[in-house]
Amino acid sequence: MKIQEIAIGYISIPLVTPFKTALRTVDSVNDLIVKITTDDGTEGFGEAPPTAVITGDTKESIEAAIRYYIAPAIKGMDLEDLPSVMEKMEHCIAKNTSAKAAVDIALYDLYAKLQKRPLFRLLGDGKSDKLKTELETDLTISVNDTEEMVRDSISAIEQGFRILKVKVGKGGEKDVERIREIRRAVGKDVVIRVDANQGWTREEAVSTIRAMEKEDLGIELVEQPVSYHDFKGMQYVTASVETKILADESVFSYEDAVRIMEEHGADLINIKLMKTGGIHEAVRICDAAEEHGISCMIGCMLESKVSVSAGAHLAAGRSIVTMADLDGPSLCREDPYRGGPKFSGSKISMQEEPGIGISHVPVEFVMI
Ligand SMILES: C[C@H](N)C(=O)N[C@@H](CCC(=O)O)C(=O)O
Ligand SMILES: [Mg+2]
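Residues numbered from 1 in each chain as written. Chains lettered and ligands numbered in written order. Predicted model: local features only at pLDDT ≥ 70, side-chain atom pairs only at ≥ 80, totals over all residues. Heavy atoms only, no water.

The name recorded for the protein chain in an unreviewed UniProt entry is Dipeptide epimerase, from Muricoprocola aceti. Check the Sequence similarities (unreviewed entry) section of the UniProt entry for the protein chain; it says "Belongs to the mandelate racemase/muconate lactonizing enzyme family." (UniProt positions renumbered as here; feature names shortened; annotations may be inferred.)

Okay, the packing of helix α2 (residues 59–74) against helix α4 (residues 97–114) next. Packing of α2 against α4 leaves a shortest axis separation of 9 Å and a crossing angle of 50°. On the basis of the axis angle, α2 is oblique to α4. As for how α2 packs across α4, the hand of that crossing is right-handed. Between α2 and α4, the residues in contact are Ile62, Ala65, Ile66, Ile70 and Ile74 and Ser98, Ala99, Lys100, Ala102, Val103 and Leu107, respectively. Partitioning the contact of α2 with α4 into residue classes produces nine nonpolar, one polar and one charged. (Axes fitted to C-alpha atoms, helices over the stretch in contact; angles between N-to-C directions. Helix = DSSP H or I, 4+ residues; strand = E, 2+ residues; numbered from the N terminus. Parallel < 35°, antiparallel > 145°, perpendicular 65-115°, else oblique. Left-handed = near helix turned anticlockwise from the far one by under 90°. Contact = heavy atoms within 4.5 Å. Nonpolar A, V, L, I, M, F, W, Y, C, P; charged D, E, K, R; others polar.)

Moving on: the coordination of the magnesium ion (ligand 2). At the metal site, the magnesium ion (ligand 2) is ligated by Asp195 (OD), Glu223 (OE) and Asp248 (OD), and these contacts range over 2.1 to 2.3 Å. For the magnesium ion (ligand 2), the donor residues sit on a single chain with the sequence spacing D-x27-E-x24-D. Note that Asp195 is positioned in strand β7 (residues 191–195) and Asp248 in the loop between β9 (244–247) and α10 (254–262), a separation of 53 residues in sequence. Take Asp195 and Asp248: they sit in the same class, and that class is buried. (Donors = N, O, S within 2.8 Å, 3.2 Å for Na, K, Ca; no water. Buried < 20%, exposed > 50% of the residue type's maximum accessible area, 1.4 Å probe, protein only.)

The next thing to look at is the environment of Ser155. Looking at the element boundaries, Ser155 is found in helix α6 (residues 146–158). For Ser155, a relative accessible area of 31% puts it in the partly exposed group. It is 37 Å that separates the C-alpha atoms of Ser155 and Leu122, two residues lying 33 residues apart in sequence.

Attention now moves to the site of ligand 1. Residues in contact with ligand 1 amount to 17 residues; listed here are only the nearest, Arg24, Thr140, Lys167, Asn197 and Cys300. Here an oxygen atom of ligand 1 and a side-chain polar atom of Asp195 are 3.1 Å apart. Here Cys300 contributes a backbone N or O atom positioned 2.8 Å from a nitrogen atom of ligand 1. Its free accessible area being 390 Å², ligand 1 has 100% of it covered by the protein chains. Lining the shell around ligand 1 are residues from two domains, each supplying at least three of them: domain 1 (3–117 + 361–367) and domain 2 (121–360). (Near = heavy atom within 4 Å. Polar contact = N/O pair within 3.5 Å; in protein donor to acceptor, adjacent residues only side chain to side chain. Areas by Shrake-Rupley, 256 points an atom, 1.4 Å probe, with all protein chains shown as cover. Domains from an automatic or database assignment.)

Now for the confidence of the model for the protein chain. Per-residue pLDDT for the protein chain averages 97, and the proportion of residues at 70 or more is 99%. Predicted complex metrics record ipTM = 0.99 and pTM = 0.98. (pLDDT = per-residue confidence, 0-100.)

Next comes the structure, spelled out in C-alpha coordinates:
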(Lines give C-alpha, C1' and ligand atoms only; values in the text may rest on other atoms or scores of the structure.)
(Ligands and ions follow the chains in the order given, each with its own letter.)
Protein backbone atom coordinates (compact mmCIF):
# COMPACT_ATOMS: atom_id res chain seq x y z
CA MET A 1 0.00 0.00 0.00
CA LYS A 2 1.42 3.34 -1.02
CA ILE A 3 1.10 6.59 0.92
CA GLN A 4 -0.98 8.67 -1.46
CA GLU A 5 -2.37 11.75 0.28
CA ILE A 6 -1.49 13.71 3.40
CA ALA A 7 -3.95 16.28 4.75
CA ILE A 8 -4.00 18.45 7.86
CA GLY A 9 -6.66 20.24 9.90
CA TYR A 10 -7.13 21.72 13.37
CA ILE A 11 -9.27 20.78 16.34
CA SER A 12 -10.13 23.08 19.22
CA ILE A 13 -11.73 21.74 22.41
CA PRO A 14 -12.29 23.77 25.60
CA LEU A 15 -11.00 22.27 28.87
CA VAL A 16 -13.20 21.58 31.89
CA THR A 17 -10.95 23.86 33.99
CA PRO A 18 -7.72 25.74 33.10
CA PHE A 19 -4.69 23.42 33.08
CA LYS A 20 -1.89 24.92 35.21
CA THR A 21 1.64 23.61 35.72
CA ALA A 22 4.91 25.18 36.83
CA LEU A 23 5.51 25.82 33.12
CA ARG A 24 2.23 27.12 31.70
CA THR A 25 -1.50 27.80 31.95
CA VAL A 26 -3.84 26.85 29.11
CA ASP A 27 -7.62 26.61 28.77
CA SER A 28 -8.18 24.68 25.56
CA VAL A 29 -6.69 21.95 23.42
CA ASN A 30 -5.69 23.37 20.02
CA ASP A 31 -4.10 20.57 18.08
CA LEU A 32 -3.15 19.74 14.54
CA ILE A 33 -4.76 16.61 13.11
CA VAL A 34 -3.17 14.74 10.23
CA LYS A 35 -4.97 12.36 7.89
CA ILE A 36 -2.97 10.03 5.66
CA THR A 37 -4.65 8.05 2.87
CA THR A 38 -3.16 5.04 1.08
CA ASP A 39 -3.76 4.18 -2.57
CA ASP A 40 -6.55 1.75 -1.61
CA GLY A 41 -8.44 4.57 0.17
CA THR A 42 -7.66 3.52 3.78
CA GLU A 43 -7.32 6.48 6.16
CA GLY A 44 -5.10 6.86 9.23
CA PHE A 45 -5.26 9.70 11.78
CA GLY A 46 -2.64 11.37 13.97
CA GLU A 47 -2.53 14.43 16.25
CA ALA A 48 0.02 16.89 17.60
CA PRO A 49 -0.29 19.60 20.28
CA PRO A 50 1.89 22.71 20.17
CA THR A 51 3.57 22.34 23.59
CA ALA A 52 6.21 25.01 22.91
CA VAL A 53 7.52 25.19 26.50
CA ILE A 54 8.37 21.48 26.52
CA THR A 55 8.97 20.27 22.97
CA GLY A 56 9.75 23.63 21.36
CA ASP A 57 7.03 22.88 18.80
CA THR A 58 4.48 25.52 17.82
CA LYS A 59 1.36 25.29 15.64
CA GLU A 60 3.29 26.94 12.82
CA SER A 61 6.41 24.79 13.18
CA ILE A 62 4.41 21.54 13.31
CA GLU A 63 2.51 22.46 10.15
CA ALA A 64 5.67 23.60 8.33
CA ALA A 65 7.63 20.46 9.28
CA ILE A 66 4.88 18.23 7.90
CA ARG A 67 4.13 20.36 4.82
CA TYR A 68 7.68 21.11 3.64
CA TYR A 69 9.77 18.21 4.95
CA ILE A 70 7.92 15.10 6.12
CA ALA A 71 5.13 14.90 3.52
CA PRO A 72 7.44 15.33 0.48
CA ALA A 73 9.87 12.77 1.97
CA ILE A 74 7.37 9.95 2.58
CA LYS A 75 4.66 10.42 -0.08
CA GLY A 76 4.62 7.48 -2.48
CA MET A 77 6.50 5.16 -0.09
CA ASP A 78 5.22 1.66 0.56
CA LEU A 79 3.64 1.37 4.00
CA GLU A 80 4.37 -2.33 4.18
CA ASP A 81 8.01 -1.39 4.70
CA LEU A 82 7.20 0.71 7.76
CA PRO A 83 10.81 0.84 9.13
CA SER A 84 12.01 2.49 5.88
CA VAL A 85 9.22 5.07 6.05
CA MET A 86 10.16 5.81 9.67
CA GLU A 87 13.82 6.14 8.80
CA LYS A 88 13.03 8.54 5.97
CA MET A 89 10.90 10.67 8.30
CA GLU A 90 13.55 10.66 11.04
CA HIS A 91 16.25 11.91 8.70
CA CYS A 92 14.33 14.45 6.63
CA ILE A 93 14.32 16.96 9.50
CA ALA A 94 15.94 16.98 12.95
CA LYS A 95 13.92 17.35 16.20
CA ASN A 96 10.29 18.45 15.46
CA THR A 97 9.08 15.51 17.52
CA SER A 98 5.42 16.58 17.66
CA ALA A 99 5.13 16.79 13.87
CA LYS A 100 6.84 13.42 13.55
CA ALA A 101 4.56 11.96 16.23
CA ALA A 102 1.40 13.07 14.40
CA VAL A 103 2.56 11.43 11.18
CA ASP A 104 3.96 8.33 12.93
CA ILE A 105 0.64 7.78 14.74
CA ALA A 106 -1.32 8.05 11.48
CA LEU A 107 1.10 5.59 9.83
CA TYR A 108 0.78 3.05 12.66
CA ASP A 109 -3.00 3.46 12.53
CA LEU A 110 -2.90 2.67 8.81
CA TYR A 111 -0.41 -0.16 9.21
CA ALA A 112 -2.56 -1.91 11.82
CA LYS A 113 -5.70 -1.33 9.71
CA LEU A 114 -3.97 -3.00 6.76
CA GLN A 115 -3.21 -5.99 9.03
CA LYS A 116 -6.86 -5.80 10.21
CA ARG A 117 -5.68 -5.85 13.84
CA PRO A 118 -6.02 -3.44 16.76
CA LEU A 119 -2.76 -1.58 17.21
CA PHE A 120 -2.17 -2.71 20.80
CA ARG A 121 -2.11 -6.35 19.67
CA LEU A 122 0.53 -5.51 17.03
CA LEU A 123 2.63 -3.59 19.55
CA GLY A 124 2.51 -6.45 22.07
CA ASP A 125 5.90 -7.64 23.26
CA GLY A 126 5.17 -11.32 22.71
CA LYS A 127 4.00 -11.79 26.28
CA SER A 128 0.38 -12.18 25.22
CA ASP A 129 -0.65 -12.97 28.80
CA LYS A 130 0.59 -9.47 29.70
CA LEU A 131 -1.53 -7.63 27.10
CA LYS A 132 -3.86 -5.29 28.93
CA THR A 133 -7.38 -4.66 27.70
CA GLU A 134 -8.05 -2.09 30.40
CA LEU A 135 -5.86 0.73 31.71
CA GLU A 136 -6.25 3.01 34.69
CA THR A 137 -5.24 6.63 34.21
CA ASP A 138 -4.57 9.25 36.83
CA LEU A 139 -6.18 12.71 36.69
CA THR A 140 -4.14 15.91 36.83
CA ILE A 141 -4.75 18.38 39.63
CA SER A 142 -3.52 21.77 38.43
CA VAL A 143 -1.26 23.87 40.65
CA ASN A 144 -3.35 26.54 42.38
CA ASP A 145 -3.98 27.73 45.92
CA THR A 146 -4.13 24.82 48.35
CA GLU A 147 -7.89 25.14 48.96
CA GLU A 148 -8.68 24.97 45.25
CA MET A 149 -6.39 21.94 44.79
CA VAL A 150 -8.09 20.18 47.70
CA ARG A 151 -11.51 20.88 46.13
CA ASP A 152 -10.31 19.60 42.73
CA SER A 153 -8.85 16.47 44.34
CA ILE A 154 -12.11 15.66 46.15
CA SER A 155 -14.02 16.20 42.91
CA ALA A 156 -11.61 13.81 41.09
CA ILE A 157 -12.23 11.12 43.72
CA GLU A 158 -15.99 11.67 43.41
CA GLN A 159 -15.64 11.08 39.65
CA GLY A 160 -14.03 7.70 40.40
CA PHE A 161 -10.31 8.51 40.01
CA ARG A 162 -8.07 6.66 42.45
CA ILE A 163 -4.77 8.12 41.24
CA LEU A 164 -4.05 11.85 41.33
CA LYS A 165 -1.19 13.54 39.49
CA VAL A 166 -0.69 16.69 41.51
CA LYS A 167 1.14 19.58 39.88
CA VAL A 168 3.58 21.45 42.11
CA GLY A 169 6.89 23.25 41.55
CA LYS A 170 5.76 26.63 42.84
CA GLY A 171 7.56 27.10 46.15
CA GLY A 172 8.84 24.07 48.06
CA GLU A 173 7.23 24.80 51.43
CA LYS A 174 3.94 25.74 49.82
CA ASP A 175 4.16 22.51 47.81
CA VAL A 176 4.49 20.45 51.00
CA GLU A 177 1.39 22.21 52.34
CA ARG A 178 -0.49 21.46 49.09
CA ILE A 179 0.27 17.73 49.30
CA ARG A 180 -0.34 17.56 53.07
CA GLU A 181 -3.82 19.08 52.72
CA ILE A 182 -4.70 16.96 49.69
CA ARG A 183 -3.62 13.78 51.53
CA ARG A 184 -5.66 14.83 54.56
CA ALA A 185 -8.74 15.37 52.37
CA VAL A 186 -8.58 12.25 50.17
CA GLY A 187 -7.43 9.70 52.74
CA LYS A 188 -4.62 7.20 52.62
CA ASP A 189 -5.90 4.86 49.88
CA VAL A 190 -5.65 7.36 47.03
CA VAL A 191 -2.40 7.19 45.05
CA ILE A 192 -0.68 10.57 44.81
CA ARG A 193 1.88 11.29 42.09
CA VAL A 194 3.62 14.64 42.27
CA ASP A 195 4.82 16.48 39.14
CA ALA A 196 7.11 19.49 39.67
CA ASN A 197 7.52 20.16 35.92
CA GLN A 198 11.15 21.32 36.52
CA GLY A 199 10.00 23.91 39.06
CA TRP A 200 12.52 23.22 41.84
CA THR A 201 16.27 23.67 42.27
CA ARG A 202 18.21 20.53 43.28
CA GLU A 203 18.40 21.61 46.92
CA GLU A 204 14.76 22.66 47.02
CA ALA A 205 13.74 19.32 45.46
CA VAL A 206 15.62 17.30 48.06
CA SER A 207 14.38 19.32 51.04
CA THR A 208 10.79 19.34 49.74
CA ILE A 209 10.69 15.61 49.01
CA ARG A 210 12.36 14.80 52.34
CA ALA A 211 9.78 16.94 54.14
CA MET A 212 7.01 14.96 52.42
CA GLU A 213 8.74 11.72 53.45
CA LYS A 214 9.12 12.91 57.05
CA GLU A 215 5.41 13.66 57.23
CA ASP A 216 4.70 10.24 55.73
CA LEU A 217 2.52 11.71 52.98
CA GLY A 218 2.70 8.48 50.95
CA ILE A 219 3.85 9.83 47.59
CA GLU A 220 4.11 7.20 44.85
CA LEU A 221 6.67 9.17 42.80
CA VAL A 222 7.95 12.64 42.01
CA GLU A 223 8.11 13.60 38.35
CA GLN A 224 10.79 15.86 36.86
CA PRO A 225 11.89 17.72 40.01
CA VAL A 226 14.54 19.90 38.29
CA SER A 227 15.31 21.45 34.92
CA TYR A 228 15.37 19.03 31.98
CA HIS A 229 19.03 19.76 31.23
CA ASP A 230 20.23 19.43 34.84
CA PHE A 231 21.28 15.80 34.51
CA LYS A 232 23.52 15.97 37.59
CA GLY A 233 20.63 17.49 39.49
CA MET A 234 18.41 14.55 38.51
CA GLN A 235 21.13 12.14 39.71
CA TYR A 236 21.56 14.06 42.95
CA VAL A 237 17.84 14.13 43.76
CA THR A 238 17.39 10.44 42.83
CA ALA A 239 20.28 9.44 45.11
CA SER A 240 19.22 11.69 47.99
CA VAL A 241 15.58 10.69 48.57
CA GLU A 242 13.65 7.49 49.23
CA THR A 243 10.74 8.46 46.96
CA LYS A 244 10.95 7.22 43.36
CA ILE A 245 11.94 9.87 40.82
CA LEU A 246 10.40 9.77 37.35
CA ALA A 247 12.11 11.50 34.41
CA ASP A 248 9.74 13.35 32.06
CA GLU A 249 11.14 16.42 30.27
CA SER A 250 14.69 14.95 30.58
CA VAL A 251 13.81 12.04 28.27
CA PHE A 252 12.85 12.62 24.65
CA SER A 253 14.87 10.04 22.72
CA TYR A 254 16.09 6.47 23.13
CA GLU A 255 19.56 7.88 23.88
CA ASP A 256 18.18 10.11 26.65
CA ALA A 257 16.38 7.13 28.16
CA VAL A 258 19.44 4.86 28.10
CA ARG A 259 21.59 7.55 29.72
CA ILE A 260 19.03 8.09 32.49
CA MET A 261 18.82 4.34 33.09
CA GLU A 262 22.56 3.63 32.97
CA GLU A 263 23.65 6.67 34.96
CA HIS A 264 20.81 6.62 37.52
CA GLY A 265 19.29 9.95 36.54
CA ALA A 266 15.89 8.65 37.69
CA ASP A 267 14.14 5.47 38.87
CA LEU A 268 11.33 5.57 36.29
CA ILE A 269 10.65 7.04 32.86
CA ASN A 270 7.65 8.89 31.44
CA ILE A 271 7.39 8.13 27.71
CA LYS A 272 5.28 10.54 25.68
CA LEU A 273 4.77 10.17 21.96
CA MET A 274 5.17 13.94 21.50
CA LYS A 275 8.69 13.75 22.95
CA THR A 276 9.81 10.57 21.19
CA GLY A 277 8.47 11.59 17.78
CA GLY A 278 5.91 8.79 17.89
CA ILE A 279 5.43 5.09 18.51
CA HIS A 280 8.50 3.89 16.61
CA GLU A 281 11.02 5.48 19.01
CA ALA A 282 8.77 4.86 22.03
CA VAL A 283 8.90 1.11 21.34
CA ARG A 284 12.73 1.28 21.34
CA ILE A 285 12.60 2.95 24.75
CA CYS A 286 10.25 0.22 26.04
CA ASP A 287 12.71 -2.43 24.80
CA ALA A 288 15.61 -0.69 26.58
CA ALA A 289 13.56 -0.23 29.75
CA GLU A 290 12.75 -3.92 29.73
CA GLU A 291 16.45 -4.76 29.47
CA HIS A 292 17.22 -2.48 32.42
CA GLY A 293 14.16 -3.51 34.42
CA ILE A 294 12.93 0.10 34.64
CA SER A 295 9.16 0.58 34.74
CA CYS A 296 7.64 3.21 32.49
CA MET A 297 4.66 5.51 32.42
CA ILE A 298 2.97 6.44 29.16
CA GLY A 299 1.99 10.08 29.47
CA CYS A 300 0.47 12.73 27.25
CA MET A 301 0.62 16.48 26.72
CA LEU A 302 -2.62 18.41 26.50
CA GLU A 303 -3.94 16.21 23.72
CA SER A 304 -7.34 14.97 22.67
CA LYS A 305 -8.45 11.44 21.90
CA VAL A 306 -6.58 10.69 18.66
CA SER A 307 -3.02 10.79 19.99
CA VAL A 308 -3.94 9.84 23.57
CA SER A 309 -5.54 6.69 22.13
CA ALA A 310 -2.26 5.90 20.36
CA GLY A 311 -0.53 6.20 23.75
CA ALA A 312 -3.16 3.86 25.24
CA HIS A 313 -2.45 1.23 22.56
CA LEU A 314 1.26 1.36 23.42
CA ALA A 315 0.56 1.18 27.16
CA ALA A 316 -1.77 -1.79 26.64
CA GLY A 317 0.71 -3.65 24.45
CA ARG A 318 3.85 -3.33 26.56
CA SER A 319 4.23 -4.99 29.93
CA ILE A 320 7.05 -2.67 31.06
CA VAL A 321 4.47 0.14 31.01
CA THR A 322 2.92 -0.02 34.46
CA MET A 323 1.52 3.53 34.76
CA ALA A 324 -0.74 5.64 32.55
CA ASP A 325 -1.05 9.41 32.62
CA LEU A 326 -3.51 9.52 29.74
CA ASP A 327 -6.01 12.03 31.08
CA GLY A 328 -6.12 14.38 28.04
CA PRO A 329 -9.66 13.32 27.04
CA SER A 330 -10.89 13.59 30.67
CA LEU A 331 -9.62 17.18 30.83
CA CYS A 332 -11.57 18.10 27.66
CA ARG A 333 -15.09 19.45 27.94
CA GLU A 334 -16.28 17.37 24.96
CA ASP A 335 -15.36 14.34 22.87
CA PRO A 336 -15.93 15.15 19.19
CA TYR A 337 -14.61 11.79 17.90
CA ARG A 338 -16.17 8.39 17.32
CA GLY A 339 -14.48 5.03 17.83
CA GLY A 340 -11.25 4.06 19.56
CA PRO A 341 -10.56 3.06 23.15
CA LYS A 342 -13.37 4.01 25.56
CA PHE A 343 -12.37 6.69 28.06
CA SER A 344 -14.70 6.55 31.01
CA GLY A 345 -13.38 8.39 34.05
CA SER A 346 -10.26 6.60 35.20
CA LYS A 347 -10.85 3.54 33.01
CA ILE A 348 -9.60 3.18 29.46
CA SER A 349 -11.03 0.10 27.75
CA MET A 350 -9.27 -1.13 24.65
CA GLN A 351 -11.51 -2.13 21.71
CA GLU A 352 -10.97 -4.70 18.99
CA GLU A 353 -11.42 -2.30 16.02
CA PRO A 354 -8.49 -2.37 13.54
CA GLY A 355 -5.82 0.30 13.94
CA ILE A 356 -6.24 2.89 16.67
CA GLY A 357 -9.97 2.71 16.08
CA ILE A 358 -10.88 6.39 15.67
CA SER A 359 -13.37 6.48 12.79
CA HIS A 360 -14.86 9.99 12.84
CA VAL A 361 -12.68 13.09 13.05
CA PRO A 362 -14.80 16.26 12.62
CA VAL A 363 -12.08 18.45 11.11
CA GLU A 364 -11.87 20.35 7.80
CA PHE A 365 -8.83 18.81 6.16
CA VAL A 366 -6.62 20.55 3.60
CA MET A 367 -4.41 18.43 1.36
CA ILE A 368 -0.73 19.30 1.47
C1 LIG B 1 -1.82 16.14 30.65
C2 LIG B 1 -0.86 15.30 31.45
N3 LIG B 1 -1.47 14.76 32.60
C4 LIG B 1 0.36 16.09 31.85
O5 LIG B 1 0.43 16.60 32.94
N6 LIG B 1 1.32 16.19 30.92
C7 LIG B 1 2.53 16.93 31.03
C8 LIG B 1 2.39 18.41 30.84
C9 LIG B 1 1.72 18.65 29.52
C10 LIG B 1 1.47 20.03 29.04
O11 LIG B 1 1.93 21.03 29.57
O12 LIG B 1 0.78 20.03 28.00
C13 LIG B 1 3.46 16.50 32.11
O14 LIG B 1 4.31 17.25 32.52
O15 LIG B 1 3.41 15.35 32.53
MG1 LIG C 1 5.39 15.65 33.68
